[in-house]
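Results of the structural survey
If you want the building blocks of each chain, they are given just below.
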Amino acid sequence: MPIYQYQALDLKGRNKKGTVDADTPRDAREKLRRQELRVTAIDQIVTGKKKKERKQSEFKLVRKVKLSELATFTRQLSTLLQSGVHLSESLTVLVDQVEDRRTELIIRDVREKVVSGAGLAEALSFHPTHFSDLYVNMVRAGEASGNLDEVLLRLAEFLQQQNKLKGKVVTALTYPAIMVLVGVAVVIFLMSYVVPKITEILLEREQELPMPTEVLIAVSAFLKSYWVLMLLAGLGVMIATRMFYATERGRLTIDTWILRIPVVGTLFKKQAISRFEITFSTLLRSGLPALEALNIVSRVVNNALLTLTLEQVAERIIEGADIATPLRRSKIFPPMVAYMVAVGEQSGELEEILERIAIAYEEEIDTSIQRMTAMFEPMVIIFLAIIVGFIIMAVLLPLLQFDNL
């Protein structure tokens, strides 16, 4: 059933905007008329993947949904299905629950495709910005096994765990970043406003200046003369880095370099491995074959080096190897992970083993975050104290010399 966007006037003459689903524009106007709305404009909205001849009219949504919102939607859908509500009716209920208009349009489109006879996974696949390959394939596995409600519940828990893990890392990096930005702002203020006024007074006295003061004057003059070029250079470096990262080789190079950064690289590596373990376990529990699950995981780990490693593992499995052996030979997975995977394969409890490893890594991530925060705070404070201290010393030294004279 098509979706229409309308503009209308209510009984009091106030403008109203919204969306409505109907078979034809006439039916849409009639439905709005029953709601005591007088339609002034109405247009059909086209969503999802269409054929080439309709690409010009395709309604594209480029904003990705938040993990927390997607987890809430998934859990609510699972609850409705577990309560015996039909899938199309469940989606109708969720349409009224959504506050974000773009997400509402997507759920409407998914519902209409389901009503038209498509499977839920097929309908979701038309909106890759909201529903990843991981999400769609888990739903497809749930539909095939007849346990869609259980798979959706497991998927909602997985999304919540990923959102929690992401939040921990972001929180750990936010405080040091704020401290650095505030420190840089203070230094820029001193160098661009305070220091020039003081140095003008010192230069007017025509006395010999100490070396720190001369260095400070030179740096201040350089920043004052070339700050535009420095800003443009910084922007150029950022743009070049993003363009390089957009290439396959660039992403592999940068992601490999990130994992080698002391402390921070270790944290990102543990996060990537934890994401691999919990995702792989969730897919296996949903009924997907190990090789297919591994191929899906390789596309959602958000690290090119880990993706390349998992692709190599998949190739070894096709050749007849187990999962643990290529993991053990890789340089990114710790030996303990490979050993535990081997134990899981031999015992037939690979999903449980992976979940245990993921839990252990989450605890290690918490410890790493605490260590990193405890280390960064004094380092940033000391670094800023040295810079500000040098500026103060460079300003006070000539003043003290003048008083002595």
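Residues numbered from 1 in each chain as written. Predicted model: local features only at pLDDT ≥ 70, side-chain atom pairs only at ≥ 80, totals over all residues. Heavy atoms only, no water.

This next bit is on the overall build of the chain. Looking only at helices and strands, the chain features 15 helices and three strands. Since a compact globule built from 405 residues should have a radius of gyration of about 22 Å, the 29 Å found for the chain marks it as more spread out than a globular shape. Along the first, second and third principal axes, the C-alpha atoms of the chain reach 95 × 70 × 40 Å. Taking all 405 residues of the chain together, 40% fall into the buried category. When contacts within the chain are restricted to residue pairs at least 6 apart in sequence, those whose partners lie at least 24 apart make up 59%. One finds the centroid of the 49 positive side-chain charges in the chain at a distance of 5 Å from the centroid of its 47 negative side-chain charges. (Helix = DSSP H or I, 4+ residues; strand = E, 2+ residues; numbered from the N terminus. Rg over C-alpha atoms; globule rule 2.2 N^0.38 Å. Buried < 20%, exposed > 50% of the residue type's maximum accessible area, 1.4 Å probe, protein only. Contact = heavy atoms within 4.5 Å. Lys, Arg positive; Asp, Glu negative; His and termini not counted. Charge placed at Lys NZ, Arg CZ, Asp CG, Glu CD.)

In this section: the packing of aromatic side chains. For the structure on display, the rule yields five aromatic pairs. Both rings, one in Phe 222 and one in Tyr 226, keep their centres 5.1 Å apart while their planes meet at 40°; by these two values the pair is tilted. Here Phe 222 pairs with Tyr 226, and both are found in helix α8 (residues 211–245), just four residues apart, close to one helical turn. Judged by its relative accessible area of 41%, Tyr 226 falls in the partly exposed class. Between Phe 276 and Phe 333 the ring centres are 5.1 Å apart and the planes differ by 65°, which places this aromatic pair in the edge-to-face class. With Phe 276 in helix α10 (residues 264–285) and Phe 333 in the loop between α13 (324–329) and α14 (335–347), the pair connects residues that are 57 residues apart, well separated along the chain. (Phe/Tyr/Trp six-rings, centres within 6.5 Å; stacked < 30°, edge-to-face > 60°.)

Okay, the pattern of salt bridges next. For the structure on display, the rule yields nine salt bridges. Residues Glu 112 and Arg 111 are paired through a salt bridge, measuring 2.7 Å at the closest nitrogen-oxygen approach. Put simply, Lys 270 and Glu 364 hold a salt bridge, and the shortest N to O gap is 3.6 Å. With Lys 270 in helix α10 and Glu 364 in helix α15 (residues 350–404), the pair connects residues that are 94 residues apart, well separated along the chain. Given the relative accessible area of 18%, Lys 270 is considered buried. Judged by relative accessible area, Glu 364 falls into the partly exposed class, the value being 34%. Three or more residues joined by partner-sharing salt bridges are found here, namely Arg 285, Glu 352 and Glu 355. (Salt bridge = Lys/Arg side-chain N within 4 Å of Asp/Glu carboxyl O.)

Along the polypeptide, Glu 277 turns up in helix α10. We note that Glu 277 is buried and unpaired, the nearest opposite charge coming from Lys 269 at a distance of 11 Å. In contact with Glu 277, not counting residues within four places along its chain, are Val 337, Leu 354, Ile 357, Ala 358 and Tyr 361.

Moving on: the environment of Gln 35. Topologically, Gln 35 is positioned in the loop between α1 (25–34) and β3 (38–45). Spatially, the C-alpha atoms of Gln 35 and Ile 386 are 69 Å apart, while their sequence positions differ by 351 residues.

Here we take up helix α7 (residues 148–204). Along an α-helix, a turn takes 3.6 residues, which lines up residues three or four apart on a common side. End to end, α7 covers 81 Å across 57 residues, agreeing with the expected 84 Å (1.5 Å per residue, within 8%). Roughly 40° is the biggest bend found in α7, and it falls at Val 195, with proline Pro 196 one to four residues downstream. (Expected span 1.5 Å × (residues − 1). Bend = angle between axes of the 7 residues up to and from the residue.)

One finds Phe 73, Leu 77, Leu 120, Tyr 135, Phe 276, Phe 280 and Phe 333 to be the most contacted residues of the largest nonpolar core, which totals 66 residues. A per-element tally of this core places α10 first, with seven residues. The contacts of Phe 333, once residues within four sequence positions are left out, are Ile 273, Phe 276, Leu 306, Thr 309, Leu 310 and Leu 327. (Core = buried A, V, L, I, M, F, W, Y, C linked by side-chain atoms within 4.5 Å.)

Let us now look at helix α2 (residues 67–82). In this model, α2 (16 residues) spans 22 Å end to end at C-alpha, consistent with the 22 Å of a helix rising 1.5 Å per residue. Within α2 the residues assigned to the buried category are Leu 70, Ala 71, Phe 73, Thr 74, Leu 77, Ser 78, Leu 80 and Leu 81. Each element contacted by the buried residues of α2 is listed here: α3 (87–97), α4 (101–115), α5 (120–124), α6 (133–145) and α7. At the exit of α2 stands Gly 84, carrying a positive phi of roughly 90°.

Turning our attention to the packing of α2 against α3. It is at 10 Å that the axes of α2 and α3 come closest, and there the two elements cross at 140°. Taken together, α2 and α3 sit at an angle that is classed as oblique. The two elements α2 and α3 meet at a crossing, and its hand is right-handed. Between α2 and α3, the residues in contact are Phe 73, Gln 76, Leu 77, Leu 80 and Leu 81 and Leu 87, Ser 90, Leu 91, Val 93, Leu 94 and Gln 97, respectively. Taken together, the residues of the contact of α2 with α3 break down into eight nonpolar, three polar and no charged. (Axes fitted to C-alpha atoms, helices over the stretch in contact; angles between N-to-C directions. Parallel < 35°, antiparallel > 145°, perpendicular 65-115°, else oblique. Left-handed = near helix turned anticlockwise from the far one by under 90°. Nonpolar A, V, L, I, M, F, W, Y, C, P; charged D, E, K, R; others polar.)

We now examine the environment of Ala 304. Examined against the element boundaries, Ala 304 turns out to sit in helix α12 (residues 304–318). Residue class for Ala 304 comes out buried when judged on its relative accessible area of 14%. Along the backbone, Ala 304 and Ser 145 are 159 residues apart, and their C-alpha atoms lie at a distance of 32 Å. Look past the residues within four positions of Ala 304 in its chain and what remains in contact with it is Arg 251, Leu 252 and Asp 255.

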